[in-house]
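# Structure at a glance
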Amino acid sequence: MIWKIRELLRRLSLPLAGAIISSMRIQLLPLLLCSCVPLIAQAQVREFVSLNTRQIEALDRSKTVVIVPGGILEEHGPYLPAGSDGIFNQRLANDLAAFIASRPGWTALMLPSVPLGAGGANEMGAKYSFPGSCTVLPATLRSIFMDLADQLGRQGFRWILVVHGHGDPIHNQMLDQASDYFHDTYGGEMVHLFGYVWAASKDFRTPEERKKDGQAEHATMTETSVILALKPEWVASDYKSAKPYAGPNLDELERIAKEKQWPGYFGDPALANESLGMKIYGQWLAQSEGLVTQILAGKDYRKMPRYGDLTSGDPADIAAAKENARLEAQHAAWLQNHPLIPSH
Ligand SMILES: [Zn+2]
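Residues numbered from 1 in each chain as written. Predicted model: local features only at pLDDT ≥ 70, side-chain atom pairs only at ≥ 80, totals over all residues.

Now for the sheet that holds strand S1 (residues 44-47). Strand order across the open sheet formed by five strands is S1-S3-S2-S4-S5, with parallel pairing between neighbours. Pairing within the sheet leaves two strands with one partner each, and these edge strands are S1 and strand S5 (189-192). Strand-to-strand twist across the sheet, computed as the mean angle between neighbouring axes with direction ignored, equals 20°. Relative to strand S3 (residues 107-110), strand S2 (residues 64-69) runs parallel, the two sharing four bridges. Bridging from a neighbouring strand, Thr 64 pairs with Thr 107 of S3. The strands touched by helix H4 (residues 84-101) within the sheet are S1, S2, S3 and strand S4 (159-163), with S2 carrying the most contacts at an inclination of about 170°. Contacts from helix H6 (residues 169-186) reach S4 and S5, with the element oriented near 170° to S5. (Pairing = 2+ DSSP bridges. Helix = DSSP H or I, 4+ residues; strand = E, 2+ residues; numbered from the N terminus. Axes fitted to C-alpha atoms, helices over the stretch in contact; angles between N-to-C directions. Contact = placed C-beta atoms within 7 Å.)

Take unusual backbone geometry next. The backbone phi angle of Ala 126 is positive, close to 55°, even though this residue is not glycine. Along the chain, Ala 126 turns up in the loop between S3 and helix H5 (138-154). Not every positive phi belongs to a glycine, and Ala 219 is a case in point at roughly 55°.

Ile 67, Leu 96, Ile 160, Leu 161, Val 162 and Val 163 are the most contacted members of the largest nonpolar core, which totals 72 residues. The element contributing the most residues to this core is H4, with nine residues. Among all residues touching Val 162, those that are not within four sequence positions of it are Val 68, Gly 70, Phe 145, Leu 175, Ser 179, Met 190, Val 191, His 192 and Leu 193. (Core = buried A, V, L, I, M, F, W, Y, C linked by C-beta atoms within 7 Å. Buried ≥ 20, exposed ≤ 12 C-beta atoms within 10 Å, placed from the backbone.)

Take H4 next. A turn of α-helix holds 3.6 residues, and therefore any two residues three or four places apart point the same way. Compared with an ideal rise of 1.5 Å per residue, which puts 18 residues at 26 Å, H4 spans 26 Å between its outermost C-alpha atoms and is within 8% of the ideal. Burial within H4 is extensive, with 17 of its 18 residues counted as buried. (Expected span 1.5 Å × (residues − 1).)

Moving on, we come to the pairing of S3. Along S3, one buried face is formed by Thr 107 and Leu 109 and the opposite face, lined by Ala 108 and Met 110, is buried too. With four bridges connecting them, S1 and S3 associate as parallel partners. When the sheet's bridge partners are listed, Glu 47 is paired in S3 with Met 110. A crossover connection joins S2 to the parallel S3 through H4; in handedness this β-α-β unit is right-handed. (Right-handed = clockwise from strand over helix to strand, strands pointing away.)

As a further point, take helix H13 (residues 315-337). Across its 23 residues, H13 extends 34 Å between first and last C-alpha, which sits within 8% of the 33 Å expected from 1.5 Å per residue. Among all positions in H13, only Ala 316, Ala 320 and Asn 324 are buried. Turning to H13, the residues buried within the fold contact H5 and helix H10 (250-258).

With that settled, consider the environment of His 76. Residue position: His 76 is located in the loop between S2 and H4. Residue classification places His 76 among the buried residues on the basis of 24 C-beta atoms within 10 Å. Spatially, the C-alpha atom of His 76 lies 7.4 Å from that of His 218, the residues being 142 residues apart in sequence. When sequence neighbours within four positions are dropped, the list of residues in contact with His 76 reads Pro 81, Ala 82, Ser 84, Gly 132, Ala 219, Gly 264 and Tyr 265.

Here it is in structure tokens:
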């Protein structure tokens, strides 16, 4: 599914964020009509796609946080949508934008969602094609974010928040590398937020639920609850009769995912409920707000544990890396045999 970005922004905007944005617009209207009044001191949420060159140049780089939400097109089984990760990413991006704009003098500059991520959960069963998964190679993902780092860095932006949560370790490591590249090359901070948030998240399931739902890897009770809380109309209502595919650890989940009839999810989604989803989302938001506050005050977040590094290296990831290398070689061989023909 390709995100319809405007529709997504419209639908996912929190009433609070929407109210802040519209009240800013009302406050700013007289100012916009009078170009002699500087806009720099106004705290606000701005949408990158709506701004012209003068408006972008006028942003105070030292007090503007660029927010880049992400989403992966990834199968989530028969009950959750392929854009599930983009749902919680966009919601968190919107809430953080409102949080940043509530700081006096600060502006949140929202980019449209980058709807591409690496490493679908279907790779856990060595299934490199699955209905709903349209992923990009890890190196492609890293290039997209390094390219954005160059463009934003050259324009003088100092603060970038990447809100692109997706559980695959290599996806996270690629975003961490792009963020380190921005830091080392342009001297600013580009934070892959979920990498730190997930490394420190708590499990809110009861011991009984944990036993039934197993490791909370992909489209389990946990993730189904989050989507139920944030976008219930996109959850198939028969999730309540979903058959469990639970396993206590990664080895067992990878064995389950290799089964011919594996439907693309793990755990026991039938146990999902909105209140657990809100609790989990509330934890991510609180952690993110705390981290953003500390980073803007100068904290060196880069020494904190990173989810991608903590979870990398399992057998399915090693097998997927081989498949990715095969595709890269296939692309290179095709390109070598099909060079561009100069027009003159
Ligand atoms: Zn997901």
